[in-house]
Structure formats: C-alpha cells, structure tokens
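# Structural characterization, general
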Amino acid sequence: MTTSEIHDLLKARFGEDVSAAPPPPKGDAWLTVKAERLVEVCRFLKETAGLEFDFCEDLTAVDWPKRNVIEVVVHLLSYKLKHSLVLKVEADRGSPVVPSLYPVWKTADWFEREVYDLFGVTFTGHPDLRRLLLPDDWVGFPLRKDYAEQGGWHGIDNVRENPLVELKRLDDSARAEAAKSASPAPAAAPPATPAPTSQA
Amino acid sequence: MEKLILRRVDRNNEEMILNFGPQHPSTHGVINFIVETDGEVLRKAVPDVGYLHRSIEKIGEVTGWHGFMPFTDRIDYVAAMFPNEGYATAVERLTGIEVPRRAQYLRAISCELARIASHLVSLGTMSMDIGAFTPMLHGIRERETINDLIEALCGARLTYNYHRIGGVAFDLPEGWKERTLAFLDHFDKFLVEFDRLISFNEIYVRRLANVAVITGKDAVDYGLVGPNLRGSGVDWDVRRDLPYGAYDDFEFAVPVGQGFKGTVGDCYDRYYCRCLEMGESSKIVRQALLQLPEGEIMAPKVARNLKVEAGEALSRVESARGEMAFYVVADGTNKAYRVRARTGSFTAMGIIESASPGLMIADLVALIASLDVVAPEIDR
Amino acid sequence: MAKIDSEVGGDVTFFHTSQLDQLINLARENSLWYLLFGLACCGIELIQTGGPRADLMRFGAIPRASPRQADFMIVAGTLTYKMAERAKLLYDQMSEPKYVISMGSCANCGGLFQLAYSVCKGVDKVVPVDVYVPGCPPRPEALTEGLIRLQDKVRNERWQDKRRAPVQGTGAA
Ligand code: SF4
C-alpha cells in the first residue's frame, strides 16, 4: 500500500490528527501524527489487517531549530505485505515530550533511549529512560544543531597541536644552532642562507 | 549505570553483580555487560554500550555528501562494503542518480565477498568464544585471501571506501575475475571442511543447540534482522524481498533456521544460517562474475560539489548483520542535514537483556557471539 | 680482583651488570606478550596480524586477555572519552615494566575523528606511548614493524631504569 492509501485509511479513523505532506518529487513521503494519538495510531497500524506493520525499522529524530521543533521519525515495514511507512511526530524544542512506542514494539526501547541521549527527547511511558551511548554525566545533547562542545571530558583535553608546528620548531632550532656554530667562523657565511624548503 | 553496579545485593542468596567487559575478548569489541548472577545462572545481563561512540552521525552533517563516504566504512568495519552501499543508495534515491548496471554488479560482487569475509570472522570468533581456537585461524586464513582480492580491487584491506554516489570507484583489475573464480572453487571446498571441522562437532553442537532460544515473534518484535531473524525462522531477506541493485538477476536461496540440531531460533540455528549464507554468497559472486555486463562504472555527471534538493530518503541493504538502513535528510545545500544509520547490531543488543535470564554465564557468551554484534554498529 | 681490573681495564662490576642486562633484555624482547585491546577497526587488523599470515607469534608476542599477564598494550583503534578511563585503568593494572604501542591514526591523534565530540584525541593523553604506528588501519606489516621497534627499545634500555613521568588525565573510575 502506498503512503497516500494508508493516509486515507487513517484519516477515516483519526481525522485531522494524521496529516500528509505533499509528496516530494524524490525520496520518501511521510505522514505527520499528533503526539497525543501516536500510540493509538501505531497500534492501529500494527494490528489492522491489510496494514500489519509488524516491524519498527527505525526510530530517530531530526532537529529543526528554525521551526523550533524536533521531529521524531518512525520508519515502519511490514514483512508480510512488503510495504513501508514513515511517520513523523513533532515535539517542541524547549521541552520535547513524545509518548513511548515501547508498548507497541519492544525494539523502540533502545531507539528511544538513543534519541533521548542524543536529542534530549523525553518519552513518556518508557520503562528505563537513561543515556545509552554517552556517559551518564555528559552535558548536552550532541545531535541538536546548537550543541556546543564542552572541550574535553574529566580532565582530558581535546586539543592537539598540529604536529607540523612542532616539526617547524625543531627545524628552526636546528637552523639557529647551525647559524650559531657557523657565525664564529669567518664572516663569509651570511646569516640569511636560503632556507631549505619549509616543512610547514 | 553506576546505580546498577553499586546497588546493594542480597548477601543471603548467592547473588552477584559482575562487570563483563568492556575489554573482554568475547564481547566482540568494547561492550560492557552488567551481569547479575545467582551462582552460575544469570538473573539478567544489562548491556552498557557507547564505548565506541564516535559521533559519525554528527560528522555526516559537516562533511559534504561525497566526503562522508570514508566515515561510513567505520560504521561497520568488519564488512565495510555494506554501509558504503547503503549510504550511496540512500543518496541516489534522494537525487535520482541512476547507477549503471555494471556498477551495480560490481557492488553486488564486492558486497558478497565482504559478507563472506565478515561471516568468517564472526564464525571464527564465535568458535573461539565457545572454546575452539583452530576454526578462528582457518577463518582468518580464508579472510586474508578475500582481503587480497578486495585490496586488488580498491586498495584497502579493511576500510574499503569503494562505492561512490553514482557507482563504484574502480573497475576490475586485470586477471581479477579468474583469481576470484579460483578462490571460489577453493572456498566451496573449504566450506565442507569447515562443516566437518566444527559445525558438526559434537561438543560444539551441544554447546549451542537449544541455548538462548529466540522465537520468531520476539525476533520481529525486538527488531532483529538478517541472520538473527532468519535463524528464528522468519523468512525475510531484503536482497530477495525488496531487491535493490543487481540482486534481482541472481539465483540464490535464503537459508532459514529450522532447528538444525535443536529448536528453531537457538544459537546453533543462527550460527548455521551464517554458514549456509556463505555458500549462497559464493554462488552470487560466481553468477555476477560470469554475467558481468560491459559498460560504465560511474553515473555520468555526478557533481563534485553535490547539492541535493530538500527531502529525505531511506535505503535498505542487506548487510552481513542484517538489514542496514540509511536515512538521509537534505535541506538543499551541499551537506547532509541529517545522516542516520540503522544497523543490525543495535537492535540485536537490545534483545540481550530480555533473552539472558536463566542462561549460564558461558551461554551468555554463546548468545552474544551468535547474535554477531560488532561494537561500531551499535555505537556509531 | 685488582688483577682482573687492570687486565680488563675497567670497572668489573659494571661490566658484569651490563651483560646481565643484555641477557635479561634478550629474554624480554623475545617474549613480549601483548594485551589484546582491540577498540575499533584497527582491532580487526590486529587480529589479522596475530592470525596465520602475519603471525605475530614469530616474535614471541602472544595475545593475552588479561592486563596482568601482559608486557605491553596495543591500543588498536579509536579511544572515546568513555573508554579512556577504562584504558587508563587497564594500563594501571599491568605490571612494570610496561609499554604501549599506539596503533592507527585514531589512537595516535584522533585521526579521522577530529570533528567528533566524543573521541579522545590520542591515547597519549591518557597513557604514555612508546611506539606510534601510523595508518588507517596500519597494515599487518606496519604493526610488525612497530613491534620490532619496541623490541629495539627493550633491548637498549636498562630494565630497572623504567620510570614513568606522570601524564595528564584522570583514572578515576
Ligand atoms: S585509525 Fe582508521 S582503521 Fe584505525 S580505528 Fe581509526 S578509523 Fe579505524
């Protein structure tokens, strides 16, 4: 079934809570669902004959600071009917809250923890929402567009000098050394010898 | 995490909390498990991942469209062709670039070789975890030959960076076809040898059969993919069911777990599905090499500084660890707005917490090995 | 004693010690056991180096899973901040004298992941490194060369002299 057919089905049941964007020229189409009805819609998608989206393929998020929303994107696939669907839920960027899909698909557990970790979206009803990938005491949500790096962590800094700088310093000191040892000798050696091609 | 480790345990019964990893030879990379045991029996094993979180998805937003390709290698370094292909396919879907047929064939060839190489490592390390060291050496020996072939093809042994948006980077070098066919002849014999060496070894079978059974329903619910899903008896393969690239040209079977030595969905089924899959991959490579069409290997006019119209696309490829999906969002500039890789190991890790209760500690190792998780796919 | 002294023309005691050093170093350099510390992609190449073709065991280097049995640590792969503490912990668990080979650009300096927010830019920020092996990933030949360099280093040092300068970074777990 194509996205628009599924949209018609959902519209009959959920009204304006499910809306479709105009289909893009290339790439995938998607449906936008109101956060309050997300679980209901998903359960409907999973259990209705003819839809049967048994596989929650992916759950992730995209940050849109310009629109001040974080979109949670859910990709669904049906093994039996071989069709797929993209659902989007918008959440306010200030305090993003989206209901958890864990009751519908267990695989949402880890996906939601990851989104919580990297975007700071809170999933209500999730059994065990804590950071997944980053350390527990990490500050900030890195995949947000306005994330600023803290610069290092627990006393480990994150700067590394360009090794060429060090090489150049060694070069320069060697050259100065050579010039010094050369200068007591007859003044024939001019200080400004053409430098060998600089490493830096 | 600390809360889990430092939780007070009841000293009256034999409850213990162990830290298993992150530096442990049988966790397949840097993965940590907080293991609650009662004597030798597991109460629960809680995975603690993220020790290899390299912010690849964030980097994808800064590099250009082409520039992200080397980073995809690092998403799954055991079989780096698949993320290459997944990312390239996603961008091609988004831009509408048509890949020439020859390039699609070359992609299939390189991917199937990578699949064999990956399964060899997976099966080798699995047997090493179970306690047999020799199969590992046999596996690595064959993998080295594949490495040589792939190196001749693209110049790298591990991080291939071979696929490009719109095609592949290099055509087959001279004599490569004959060398590969000779290797495949040898490899088919090796598979028989491998079966005799380890697959039907009595001790090995007993270590794996009926251990950590995952039912088909659970497997779908937890989002297992690839050999793990098929090991649980679900007949699904992206290559066959939603064909991409050149795969609709090839004849191949999809091995599905059927309780080869025990129950459907036990560790042995997952293991043996991989064994059989290697044979199928070898068949695909052979067919592809023999039917290889002539022609271009890159789509014409793929701009260096690629700009992609706003939109989004998801690509699915069947990687060695199951379905790998790349989700790319473009906003009309020469950089991706968001790149996301959905990988098989990530969801496979998610099931360990619920599949582990009641196992022995040694069986946990078998479970992890049979799920074939690699750390970078989990963490990215 | 005085006779020998005048014959040899040197400090006898010193003469003997240096011989013992060489003997011990000969034994040490040919039985360097390494801690299998594959962190990322380079770890796979490390396994392959230990595998049948490159065969690191020719040099007496045997992989150990426990830091307590290892003489040196091959840090193979990307070190993230989360892992850095654990790496320090593992290093501290090894017994002296201990060495570190940093394998791959990621372990050397962060490599490809300069833009990453979670990657430690080089393992030498956490533990002292003896040999750097460049490459992404280094070929088995390169790693073997790194091991030979480490053997050179072991051969030419006085084994009691191994003192370590403190490095920055914490090991608080
Ligand atoms: S140096 Fe390259 S191959 Fe090695 S861990 Fe880093 S990215 Fe991977």
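Residues numbered from 1 in each chain as written. Chains lettered and ligands numbered in written order. Predicted model: local features only at pLDDT ≥ 70, side-chain atom pairs only at ≥ 80, totals over all residues. Heavy atoms only, no water.

All names here are of chain B. At their nearest, the axes of helix H5 (residues 101–130) and helix H7 (residues 176–199) sit 13 Å apart, and the two run at 25° to each other. Here H5 lies roughly parallel to H7, going by the angle between them. As for the relative orientation of H5 and H7, their crossing is left-handed in sense. Across the interface between the two elements, Ile-109, Leu-113, Ile-116, Leu-120, Leu-123 and Ser-127 of H5 pack against Trp-176, Thr-180, Phe-187, Phe-190, Phe-194 and Ile-198 of H7. Of the residues contributing to the contact of H5 with H7, the split by class is 10 nonpolar, two polar and no charged. (Axes fitted to C-alpha atoms, helices over the stretch in contact; angles between N-to-C directions. Helix = DSSP H or I, 4+ residues; strand = E, 2+ residues; numbered from the N terminus. Parallel < 35°, antiparallel > 145°, perpendicular 65-115°, else oblique. Left-handed = near helix turned anticlockwise from the far one by under 90°. Contact = heavy atoms within 4.5 Å. Nonpolar A, V, L, I, M, F, W, Y, C, P; charged D, E, K, R; others polar.)

Turning our attention to the packing of aromatic side chains. Using the criterion set out here, one finds 24 aromatic pairs over all chains in the structure. Between Trp138(A) and Tyr81(C), the aromatic rings sit 6.4 Å apart at their centres with planes inclined by 35°, giving tilted as the arrangement. Residue Trp138(A) is located in the loop between strand E7 (122–124) and helix H4 (163–182), and its partner Tyr81(C) is located in helix H4 (residues 81–93); the two belong to separate chains. Ring centres of Phe68(B) and Tyr87(B) lie 5.1 Å apart, and the angle between their planes is 75°; this geometry places the pair in the edge-to-face category. With a gap of 19 residues between them, Phe68(B) in the loop between helix H2 (56–59) and helix H3 (69–73) and Tyr87(B) in helix H4 (residues 81–95) connect regions that are remote in the sequence. With a relative accessible area of 1%, Phe68(B) lands in the buried category. If you follow Lys82(C) out to its NZ or CZ, it ends over the ring of Tyr51(B), 4.9 Å from the centre. In this structure, Lys98(C) is placed above the aromatic ring of Tyr91(C), and the distance from its NZ or CZ to the ring centre is 4.4 Å. (Phe/Tyr/Trp six-rings, centres within 6.5 Å; stacked < 30°, edge-to-face > 60°. Buried < 20%, exposed > 50% of the residue type's maximum accessible area, 1.4 Å probe, protein only. Lys NZ or Arg CZ within 6 Å of the ring centre and 35° of its normal.)

Further remarks concern the interface of chain B and chain A. With 45 residues of chain B at the interface, the matching set in chain A holds 46 residues. Sorting the residues of chain B by area buried against chain A places Asp221(B), Glu312(B) and Tyr337(B) first, and these three jointly supply 17% of that buried surface. At the junction of chain B with chain A, the criterion picks out eight salt bridges. Our count for the chain B to chain A interface comes out at 16 residue pairs in polar contact (both at pLDDT 80 or more). Of the residues in the side of chain B that touches chain A, the class split is 22 nonpolar, seven polar and 16 charged. (Buried area = accessible area lost by both parts, 1.4 Å probe. Salt bridge = Lys/Arg side-chain N within 4 Å of Asp/Glu carboxyl O. Polar contact = N/O pair within 3.5 Å; in protein donor to acceptor, adjacent residues only side chain to side chain.)

Residues and elements named next belong to chain C. If you walk across this open sheet you meet the five strands as E2-E1-E3-E4-E5, and the pairing is parallel. Pairing within the sheet leaves two strands with one partner each, and these edge strands are strand E2 (63–64) and strand E5 (131–133). Bridge count between strand E3 (residues 72–76) and strand E4 (residues 99–103): five bridges; the pairing is parallel. For Val-75, the partnering residue across the bridge sits in E4 and is Ser-102. On top of the sheet, H4 reaches strand E1 (34–38), E3 and E4; it is set at about 175° to E1, its chief contact. Relative to E4, helix H6 (residues 140–155) is tilted by about 155°, and along the sheet it contacts E3, E4 and E5. (Pairing = 2+ DSSP bridges.)

The subject of this paragraph is the nonpolar core. Counting 208 residues, the largest nonpolar core has Leu45(A), Leu87(A), Leu101(A), Trp65(B), Tyr87(B) and Tyr271(B) as its most contacted members. Among the elements that take part in this core, H5(B) stands out by supplying 15 residues, more than any other. Grouped together as the second largest cluster of nonpolar side chains are 19 residues, Leu32(C), Ile74(C), Leu143(C) and Val154(C) included. (Core = buried A, V, L, I, M, F, W, Y, C linked by side-chain atoms within 4.5 Å.)

This part covers a nonpolar patch on the surface. Residue and element names in this part refer to chain A. A cluster of nonpolar side chains, contributed by Leu-164, Leu-167 and Leu-170, occupies part of the molecular surface with about 240 Å² of accessible area. Mapping Leu-167 onto the fold places it in helix H4. Its relative accessible area of 40% is what places Leu-167 among the partly exposed residues. (Patch = residues over 30% accessible without salt bridge, like charges linked within 9 Å, V, L, I, M, F, W, Y side chains within 5 Å. Areas by Shrake-Rupley, 256 points an atom, 1.4 Å probe, with all protein chains shown as cover.)

Residues and elements named next belong to chain B. With antiparallel pairing, the three strands of this open sheet are ordered in space as E1-E2-E3. Here the strands that pair on one side only, and so sit at the sheet edges, are strand E1 (15–20) and strand E3 (41–48). Each strand axis lies, on average, 20° off the axis of its neighbour in the sheet, ignoring direction. One ladder, built from seven bridges, connects strand E2 (residues 32–38) with E3; its direction is antiparallel. The residue bridging Val-35 from the neighbouring strand is Ala-45, located in E3.

The next thing to look at is the confidence of the model for chain C. Residues and elements named next belong to chain C. Summary statistics for chain C give a mean pLDDT of 77 and a share of 80% for residues scoring 70 or more. Confidence, read as mean pLDDT per element, is least for helix H1 (residues 2–9) in chain C (54) and greatest for E5 (88). ipTM for the predicted complex: 0.84, alongside a pTM of 0.84. (pLDDT = per-residue confidence, 0-100.)

Arg74(B), Cys41(C), Cys42(C), Cys106(C) and Cys136(C) are the nearest of the 13 residues found near the ligand. The ligand is flanked by residues contributed from chains B and C. When each cavity is represented as a set of grid points, the ligand is found to reside in the largest cavity. With three residues, the top contributor of residues to the shell around the ligand is helix H5 (residues 104–109) of chain C. Class assignment of the residues belonging to the shell around the ligand gives a composition of seven nonpolar, five polar and one charged. (Near = heavy atom within 4 Å. 1 Å grid on protein atoms, 1.4 Å probe; cavity = no way out; pocket = protein on both sides within 12 Å on 5 of 7 lines; lining within 4 Å. Sits in = over half its atoms within 2 Å of the grid points.)

Geometrically, the link from Cys136(C) to Pro137(C) is a cis peptide bond, its omega value of -10° lying close to zero. Within the element layout of this structure, Pro137(C) appears in the loop between E5 and H6. Residue Ser55(B) is not a glycine yet carries a positive backbone phi of 55°. With respect to the helices and strands, Ser55(B) occurs in the loop between E3 and H2.

What follows deals with the pairing of strand E4 (residues 69–77) of chain A. Residues and elements named next belong to chain A. Burial within E4 is extensive, with nine of its nine residues counted as buried. In E4, alternate side chains face the same way, and those of Val-69, Glu-71, Val-73, His-75 and Leu-77 on one face and Ile-70, Val-72, Val-74 and Leu-76 on the other are all buried. Alignment of strand E3 (residues 55–64) against E4, held across nine bridges, turns out to be antiparallel. Counted as the bridge partner of Cys-56 is Leu-76 from E4. As paired elements, E4 and strand E5 (residues 84–92) share nine bridges and run antiparallel to each other. Counterpart to Val-69 in the pairing with E5 is Asp-92. Connecting E4 to the next strand, E5, in antiparallel fashion are six residues, including Lys-82 with a positive phi near 55°.

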